[in-house]
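Take a look at the letters that make up each chain.
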Amino acid sequence: MELMTDELRRTMPHRVRLSVERTDWVQAKFFAPDGSWTFWAIRFINDDLLLGMVDHPEGEFADDDPFGMVHRPSRECGMASVSRMGTSPSGIERDTTFTPCRVSELPALRSEVKP
């Protein structure tokens with residue numbers, strides 16, 4: 001499965017703003033099939049880095065994990081490298097049934113972002 005389709009790359013905003021707010025649109029959902037983490041992508045920071053919300057209940061990431069910024073069990077703003085996601089041993093997948101929504105519409109994240 002292609003993780004980043006041409007359509008998703010074209011429609012996802014490209015902005016350098018590094019904060020996430022409840023009114024931001026979540027454009028895609030990526031996940032590890034074993035349930036170890038989920039990444040809700042909001043926008044591109046550059047051609048390879050995505051900004052979004054990271055849910056990693058297991059704690060610290062390995063060096064080869066695409067989400068190297070989070071170091072504890074968390075649900076917080078973070079970045080993911082598209083190129084590293086494609087080569088991750090975790091077998092990262094994109095949820096093809098995900099419908100874009102606002103951050104505030106993700107129930108698990110309601111208390112994790114600025115009002």
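Numbering of residues starts from 1 in each chain and follows the order in which that chain's sequence is written. Residue-level local features of this predicted model are given only where pLDDT is at least 70; pairs of side-chain atoms are given and counted only at 80 or more, and the full residue set underlies all totals for whole chains, interfaces and linings. Side-chain metrics in this entry use all non-hydrogen atoms of the structure; hydrogen atoms and water are not considered.

1. A short note on the pairing of strand S3 (residues 38–44)
At step 1: When you tally the buried positions in S3, you get 7 out of 7 residues, the bulk of the element.
At step 2: Any two strands with at least two DSSP bridges between them are considered paired. Secondary structure elements follow DSSP: runs of H or I no shorter than four residues count as helices, runs of E no shorter than two count as strands, and numbering proceeds from the N terminus. Relative to S3, strand S2 (residues 28–31) runs antiparallel, the two being bridged by 4 bridges. From the neighbouring strand, Phe 31 faces S3, where its bridge partner is Thr 38.
At step 3: Hairpin connection from S2 to S3: 6 residues lie between these consecutive antiparallel strands, with Gly 35 at a positive phi of about 80°. Relative accessibility decides the category of a residue: with a 1.4 Å probe and only protein chains considered, values under 20% of the type maximum give buried, values over 50% give exposed, and everything between is partly exposed.

2. As for the nonpolar core
At step 1: Residues enter a nonpolar core if they are buried and are Ala, Val, Leu, Ile, Met, Phe, Trp, Tyr or Cys, with the set joined through side-chain atoms within 4.5 Å. Met 4, Met 12, Phe 30, Phe 39, Ala 41, Leu 50 and Met 85 are the most contacted members of the largest nonpolar core, which totals 17 residues.
At step 2: Looking at this core, the elements that each hand over two or more residues are S2, S3, strand S4 (49–56) and helix H2 (82–85).
At step 3: Residue contributions to this core peak at 3 residues, all from S3.
At step 4: For Met 4, the contacting residues outside a window of four places in its chain are Arg 9, Phe 30, Phe 44, Leu 50 and Val 82.
At step 5: The next biggest cluster of nonpolar side chains, apart from the first, holds 12 residues, and it includes Val 26, Leu 51, Met 53 and Val 103. Residues are treated as being in contact if the distance between any of their heavy atoms lies within 4.5 Å.

3. Some thoughts on the pairing of S2
Two faces, one strand: in a regular strand the side chains alternate between the faces of the sheet.
At step 1: Alternating residues of S2 divide into Ala 28 and Phe 30, all buried, and Lys 29 and Phe 31, none buried.
At step 2: Where S2 and strand S6 (residues 93–94) come together, 2 bridges link them in antiparallel fashion. The residue bridging Phe 30 from the neighbouring strand is Arg 94, located in S6.

4. Remarks on the pattern of salt bridges
At step 1: By convention in these notes, a salt bridge is any Lys or Arg side-chain nitrogen within 4 Å of a carboxyl oxygen on Asp or Glu. Throughout the structure, instances matching the rule amount to 2 salt bridges.
At step 2: Between Asp 24 and Arg 43 there is a salt bridge; the shortest N-O distance is 3.6 Å. In this pair, Asp 24 sits in the loop between helix H1 (6–11) and strand S1 (25–26) while Arg 43 sits in strand S3, placing the two residues 19 residues apart along the sequence.
At step 3: Residue classification places Arg 43 among the buried residues on the basis of a relative accessible area of 1%.
At step 4: With a closest N to O distance of 3.8 Å, Lys 29 and Asp 95 form a salt bridge. Taken as a pair, Lys 29 in strand S2 and Asp 95 in the loop between S6 and strand S7 (101–102) lie far apart in primary sequence, 66 residues in all.
At step 5: Its relative accessible area of 22% is what places Lys 29 among the partly exposed residues.

5. Things to note about the side chain of Asp 24
At step 1: Its relative accessible area of 10% is what places Asp 24 among the buried residues.
At step 2: Polar contacts here mean pairs of N or O atoms no more than 3.5 Å apart (in protein, one a potential hydrogen donor and the other a potential acceptor; neighbouring residues in sequence count only if both atoms are side-chain atoms). Engagement of the side chain of Asp 24 in a polar contact is seen with the backbone nitrogen of Glu 21, the distance being 2.9 Å.
At step 3: Once residues lying within four places of it in the same chain are set aside, the contact partners of Asp 24 are Arg 17, Ser 19, Ile 42, Arg 43, Cys 101, Arg 102 and Val 103.

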